[in-house]
Amino acid sequence: MDEPVLTCEEVLRHLFAYLDREADPHTASEIERHLERCRSCFSRAEFERRLKAELRAAGNRSAPARLRARIRELVGKF
């Protein structure tokens, strides 16, 4: 079986472009090959993927009224 061409450091350097589907097709393919073989990088990629999903979902939620009131109160002090 062929060893991955990219090192862990290279995968991490391109990880966000890969997750955002902005990596070129060759790089994306190499990252996928690497992630199939490297548990450490796979775990990091899954963490980042889940974090991005949570942040995306959080952007659609409203802050509780009590929090909004507290922020207004604090901003008003400046």
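Here's what I pulled together on the structure shown here. Fair warning: this is a prediction, and the values are worked out from it, not measured in the lab.

**Remarks on the packing of helix H2 (residues 25-37) against helix H3 (residues 39-58)**
Now for step 1: Where H2 contacts H3, the two axes come as close as 6 Å, and the packing angle between them is 115°. When the axes of H2 and H3 are compared, the pair comes out roughly perpendicular. The handedness of the crossing between H2 and H3 comes out as left-handed. Between H2 and H3, the residues in contact are His34, Leu35 and Arg37 and Arg39, Cys41, Phe42 and Ala45, respectively.
Now for step 2: Looking at side-chain class alone, the contact of H2 with H3 contains four nonpolar, one polar and two charged residues.

**Describing the nonpolar core**
Now for step 1: Core analysis: the largest hydrophobic core is formed by 11 residues, namely Leu6, Val11, Leu15, Tyr18, Leu19, Ala28, Ile31, Leu35, Cys38, Cys41 and Ala45.
Now for step 2: When residues of this core are traced back to their parent elements, those giving at least two are helix H1 (8-19), H2 and H3.
Now for step 3: The leading source of residues in this core is H1, at four residues.
Now for step 4: Residue contacts for Leu15: discarding those within four places in its chain leaves Arg44, Ala45 and Glu48.

Analysis parameters
- Residue indices follow the written sequence of each chain, beginning from 1 at its first position.
- Per-residue local features are limited, in this predicted model, to residues with pLDDT of at least 70; the limit for side-chain atom pairs, both in listing and counting, is 80 or more; totals at the level of whole chains, interfaces and linings are taken over all residues.
- Only heavy atoms go into the side-chain values, all of them from the structure, while hydrogens and water stay out.
- Structural elements are reduced to axes, namely lines fitted to C-alpha atoms, with helices fitted over the stretch in contact, and the angle between N-to-C directions of any two is expressed from 0 to 180 degrees.
- Numbered from the N terminus, helices here are DSSP runs of H or I no shorter than four residues, and strands are runs of E no shorter than two.
- Any angle between 65 and 115 degrees counts as roughly perpendicular, while under 35 counts as roughly parallel, over 145 as roughly antiparallel, and the rest as oblique.
- Helix crossings are classified by the rotation of the near helix relative to the far one: an anticlockwise turn of less than a right angle makes the crossing left-handed, while a clockwise turn makes it right-handed.
- The contact criterion used throughout is that any non-hydrogen atoms of two residues lie within 4.5 Å.
- Gly is put with the polar residues, along with every residue not named as nonpolar or charged; the nonpolar set is Ala, Val, Leu, Ile, Met, Phe, Trp, Tyr, Cys and Pro, and the charged set is Asp, Glu, Lys and Arg.
- For the purposes of this section, nonpolar cores are sets of buried Ala, Val, Leu, Ile, Met, Phe, Trp, Tyr and Cys residues that join through side-chain atoms within 4.5 Å.
- Categorising residues by exposure relies on relative accessible area from a 1.4 Å probe, with only protein chains included: less than 20% of the type maximum marks a residue as buried, more than 50% marks it as exposed, and the intermediate range marks it as partly exposed.

The quantities given are spatial measurements derived from coordinates; they are silent on function.
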